Amino acid sequence: MYPIITSQLKDSTLQWLCTNIRPGQLSEFDLSELVRSTNTDEDTMDAILNDFVELGLIDSLNPMRQGNHLILKVKAHDFVQKGGFTVLDALNEANIQKILYELEHLKKQLQPNKPDQLEMINKLTTIAATLTGVIA
């Protein structure tokens, strides 16, 4: 079974990088220490680091040369200071909860006796069910 990449794992990885690598410079880092520190495996860590490249948090990831090298961007430090992936998840969940609340409020305002509003109620119910599934 493969490990699940959680927000906490990504946050601990990014925290380790920000603590151990100077931003803006091509730096060698100890992948074994990073893996040990985050209690994961090298394949999972490679996936996380490649995701960080896609997100623009690191650049020039090069694990094929002698040693492992990357450039940590200042954006990574900014992201850590704002709470990282865990806070981002919480904000997304709060936004979805707000949308669900607003949909429920709109649904209560509609009158089911009117045919054109009945279709709107059905659409709102479908959207609310979908969003509830996403949260779960």
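From a predicted model like this one, the values you see are computed outputs, not experimental measurements. (Residues numbered from 1 in each chain as written. Predicted model: local features only at pLDDT ≥ 70, side-chain atom pairs only at ≥ 80, totals over all residues. Heavy atoms only, no water.)

(A) Region of interest: the overall build of the protein chain. Helix and strand counts for the protein chain come out as six helices and three strands. When the helices and strands of the protein chain are read in sequence order from the N terminus, they spell out α-β-α-α-β-β-α-α-α. The buried share of the protein chain, reckoned over its 136 residues, is 30%. Residue pairs at least 24 apart in sequence account for 59% of intrachain contacts in the protein chain once pairs closer than 6 positions are excluded. When the accessible surface of the protein chain is totalled, it reaches about 9100 Å², and 53% of it is carbon and sulfur. (Helix = DSSP H or I, 4+ residues; strand = E, 2+ residues; numbered from the N terminus. Buried < 20%, exposed > 50% of the residue type's maximum accessible area, 1.4 Å probe, protein only. Contact = heavy atoms within 4.5 Å. Areas by Shrake-Rupley, 256 points an atom, 1.4 Å probe, with all protein chains shown as cover.)

(B) The arrangement of the sheet that holds strand β1 (residues 26–29) in detail. The strand order β1-β3-β2 describes an open sheet built from three strands, whose pairing is antiparallel. Each of the sheet's edge strands pairs with one partner strand only, and the pair in question is β1 and β2 (58–62). Within this sheet the neighbouring strands show an average axis-to-axis angle of 30°, counted without direction. Both β2 and strand β3 (residues 68–72) contribute to a ladder of three bridges, which runs antiparallel. Paired with D59 across the strands is I71, a residue of β3. Lying over the sheet, helix α3 (residues 42–55) contacts β1 and β2, oriented at roughly 140° with respect to β2. (Pairing = 2+ DSSP bridges. Axes fitted to C-alpha atoms, helices over the stretch in contact; angles between N-to-C directions.)

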